Structure formats: structure tokens, C-alpha cells
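Understanding the architecture of this molecule
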Amino acid sequence: MSENINPAAVPTAQEADPVKVLAGRHVLQWHITHRCNLRCKHCYQDDFQVEMNHDELFAVLDKYERFLNERNLKGHINLTGGEPLASPHFYELAEEITRRGMTFSILTNGTMITEENAARIALLQPRFVQVSLDGGPDVHDAIRGAGASAAAYRGIDWMKEFGVRVLVSFTAQRNNRFELAEVARIAAKHKVDKLWWDRVIIPIDLDKDHLMLTPQQFRLLAWRSGRLTGKTRRADGTSLVTSVRGLQFLYCPDSGTYSCQAGRNLLIIKADGDMMPCRRLPDIIGNIKDGEIGPIVDGSPVMKALREAGIPEACSGCPHAQKCRGGSRCVTCAKTGSRFGKDPDCWIKGRADA
């Protein structure tokens, strides 16, 4: 837990305006259970039992709906875990989210998707179902467990059979950093709609297996990703591989520019009720069981600092600074301990680096 933000360490932003930043759209990443049928080597969970009961889950949904209404926001919920399909309340909760006028997506390992529940999920009309793939079969299974790849492929196929939009996410670490092209090949074979990737995030003092990419490894992977984006471009102009997360856009500028949303239009709620600005930052800003979302968010020094932070001095002079705003705060925090500096994996030199 961390609410100790030194104001002097936060770059200020003249244009920062909470209302403008949050205007119109909000994303909740909701870990509805910590239960999971896999034990992935890079998992950031330290428990696999905690979950809310039916009434607690619906109380959270009530609070989120009030938060959206108070601020005139449209809400989108990413249902995740653990493994969200392991929750006995998953389908009822998803139905209620839709009934209340919100959209939702599912972040899953894909191994629990069968023909029966694929048909049921399709009826709920999620924006997408995201399945994690970490390499070819041998690499994926080495990270997530024997048979995990075959089960995930079956899950993807059933989703596509019922017309659901499927995304694949790839978590890049040192042990699988050469696997992105193979994951793209597999994704294309299974008619996946979009493949995106990001870096594994582990605080440097806890990264005993040295899974985090070095700056050089990340830059090479970003370059390869940019090439894959071009190679997988479709007739309608879209690509299977998207290269926008973090600093990836630097090798694929037509993909758009990504900026970190922690503290802005993103909120995480864990299965124990703890609230965070980002699942990959170490900051717990409160617990949903203790009150309404608005006062907890507004009263958090961490959320205020993240929301109002300006562009790091080291990024001054960079042509991408206004949109990128320093890269991924979670990477910066994991590698340097600060949330407000320049992403240490960035290879673009600003005036302060010259």
C-alpha cells in the first residue's frame, strides 16, 4: 500500500483538468475473483482464494453506477480475475452490467471456454473477449501449465464460432521475447481480431528471475512489432498486430499514440475490494467496502498526483511528449521507484538527456 507521494517530485501540468481528463468515458478493471485454474510464472497475484459473494458484487456495481451518474460518464467494465469464468456469479453479473447500460469485456486465460459457455457469452454481447497467449505451445505451456495452449486455442475457436470479437494479449518477458511473431501466426490461424502486447511488470527488487525486459530488448521487440503491424495489415486498413502500448508507437506512428491512464479514466477494484489506479502500480487508494467511489478517488493523494502530473523534464523537446506524457508509469515505477519520471525503456532523447 502506498499513499506517500512527495508533491515536489510530481511534474505539474498547466492543462491538467480532472473534468476534461475524465470527460465522457471511464474504464473499470474489475477483478471479480482471485480464483484461477492456472498458476502462471509471471502472475502478480499472491492469493487464489479471495472473492466477493453475490451481494457484495452487486453492491460494487451499484456504487460504480452511482459514480458514473454523478460525473456524467459512460462506463466500460473489463471483467477479470484470477479467472473471471471461475466466479459462480459471472453470468448474472455480466447480464446486469448490460441491463444497466454499461458495456463490458472479458479478460481470460481462455481455458474454461467451452461450446456451451461460448454460446452463453455470445448472447451477452461483450465488446470483446481477450485471451492471453505467451508464445507457441511449448513456451506458453512452460509459463502457464501443461495443456494451457491447446485449451486456450479451443476457447478462441468457440468464441469465433459464435461471432464474438476476440483479442489476444501477449505479455513480453525475457524468456518469451522472441515469440511475438509465432503468437501472431497462431492468432491469424484462429481468426483473432486483434493482437496487442505489453511488458511484464515486476518491481526490480522482486524480479528474482530477471523476467523484465532490458531497454535494449524492449526496443528490439518494439521494432519487430512495428514490422508485424505492417505485415498483418488488412484490406480495410486495420492490422492484426497493434503497436501502440507504451512506447511501441515509436516504430509504428500510424497506430496512434498511447498515454498512461492511471489516475485519469481508469480504476481497478480487486476481489478483496481494494481500489488501485492501475493493477501494475503498488498503490492502494482505499477499499470499496468502506464508502462510495467518488470520495475515495477524490480524497486520494495518489490519484490526484497521477491525474495532475505533467510531462517529465527528461521528455522536454521530444516531439511525442504531449501525447505520450512519459510512457508507462508502471514500468517507470517498477524500475526506478518513481511514478513520474521518463519511462526508462525509452530511447528517444529529450533536451534533459542531451
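Residues numbered from 1 in each chain as written. Predicted model: local features only at pLDDT ≥ 70, side-chain atom pairs only at ≥ 80, totals over all residues. Heavy atoms only, no water.

Attention shifts here to the overall build of the protein chain. Summing up its helical and strand segments, the protein chain has 12 helices and nine strands in all. Going through the 354 residues of the protein chain one by one, you find that 57% of them count as buried. Within the protein chain, counting contacts between residues at least 6 apart in sequence, those at least 24 apart form 68% of the total. When the accessible area of the protein chain is evaluated, it comes to approximately 15900 Å², of which 50% is carbon and sulfur surface. (Helix = DSSP H or I, 4+ residues; strand = E, 2+ residues; numbered from the N terminus. Buried < 20%, exposed > 50% of the residue type's maximum accessible area, 1.4 Å probe, protein only. Contact = heavy atoms within 4.5 Å. Areas by Shrake-Rupley, 256 points an atom, 1.4 Å probe, with all protein chains shown as cover.)

On to the side chain of Thr 229, then. By the element assignment, Thr 229 lies in helix H8 (residues 215-231). Side-chain polar atoms of Thr 229 contact the side chain of Ser 243, separated by 2.6 Å. (Polar contact = N/O pair within 3.5 Å; in protein donor to acceptor, adjacent residues only side chain to side chain.)

With that out of the way, let us pick up the packing of helix H2 (residues 54-70) against helix H3 (residues 90-99). Running from amino to carboxyl end, H2 crosses H3 at an angle of 20°, the nearest separation of the two axes being 11 Å. Overall, the two elements H2 and H3 adopt an arrangement that is roughly parallel. Here H2 runs over H3; the crossing is right-handed. The residues of H3 that touch H2, namely those facing His 54, Leu 57, Phe 58 and Leu 61, are Glu 92, Leu 93, Glu 96 and Ile 97. By residue class, the composition of the contact of H2 with H3 is five nonpolar, one polar and two charged. (Axes fitted to C-alpha atoms, helices over the stretch in contact; angles between N-to-C directions. Parallel < 35°, antiparallel > 145°, perpendicular 65-115°, else oblique. Left-handed = near helix turned anticlockwise from the far one by under 90°. Nonpolar A, V, L, I, M, F, W, Y, C, P; charged D, E, K, R; others polar.)

Taken together, nine strands build an open sheet; the order of strands is E6-E5-E4-E3-E2-E1-E7-E8-E9 and the sheet is mixed. Two strands lie at the open edges of the sheet, namely strand E6 (194-199) and strand E9 (286-287), each paired on one side alone. Of the strand pairs in this sheet, strand E7 (residues 266-269) and strand E8 (residues 274-276) are connected by two bridges, and their pairing is antiparallel. Residue pairing in the sheet places Ile 268 in a bridge with Met 276 of E8. Those strands touched by helix H6 (residues 148-161) are strand E4 (129-132) and strand E5 (166-172), and its axis lies near 150° from that of E5. (Pairing = 2+ DSSP bridges.)

Before going further, it helps to spend a moment on a nonpolar patch on the surface. Among the surface-exposed residues, Phe 178, Leu 220 and Trp 223 lie close enough to one another that they form a single nonpolar patch of about 310 Å² accessible area. Relative to the assigned elements, Phe 178 resides in the loop between E5 and helix H7 (180-189). Judged by relative accessible area, Phe 178 falls into the exposed class, the value being 53%. (Patch = residues over 30% accessible without salt bridge, like charges linked within 9 Å, V, L, I, M, F, W, Y side chains within 5 Å. Salt bridge = Lys/Arg side-chain N within 4 Å of Asp/Glu carboxyl O.)

Moving on, we come to the packing of helix H5 (residues 137-144) against H6. Here H5 crosses H6 at 105°, and the two axes come no closer than 8 Å. With respect to H6, the axis of H5 lies roughly perpendicular. Where H5 abuts H6, its residues Pro 137, His 140, Asp 141 and Arg 144 lie against Ala 148, Ser 149 and Tyr 153. Residue classes in the contact of H5 with H6 are distributed as three nonpolar, two polar and two charged.

All right, on to the pairing of E4 then. Where a strand is regular, its side chains alternate between the two sheet faces. Of the two faces of E4, both are covered, the one formed by Val 129 and Val 131 as well as the one formed by Gln 130 and Ser 132. Pairing of strand E3 (residues 103-108) with E4 involves three bridges; the strand directions are parallel. Looking across to E4, one finds that Thr 108 is bridged to Val 131. You can see the chain leave E3, run along helix H4 (residues 115-124) and come back into E4, and the turn it takes is right-handed. Relative to E5, E4 runs parallel, the two sharing four bridges. Across the sheet, the residue bridging to Val 131 is Val 168, located in E5. (Right-handed = clockwise from strand over helix to strand, strands pointing away.)

Taken over all residues, the pLDDT of the protein chain has a mean of 89, while the share at 70 or more is 88%. Within the model, the stretch residues 12-22 combines pLDDT values under 50 with 15 contacts to residues more than four positions away or in other chains. (pLDDT = per-residue confidence, 0-100.)

Evaluated as defined, the whole model comprises two cavities of 30 Å³ or more. Empty space within the largest cavity amounts to approximately 90 Å³. Lining the largest cavity are 16 residues, with Cys 315, Cys 318, Cys 324, Lys 342 and Cys 346 sitting closest to its centre. A class-by-class count of the residues in the lining of the largest cavity yields 10 nonpolar, four polar and two charged. (1 Å grid on protein atoms, 1.4 Å probe; cavity = no way out; pocket = protein on both sides within 12 Å on 5 of 7 lines; lining within 4 Å. Points joined across faces, edges and corners; volume = space filled by probe spheres on them.)

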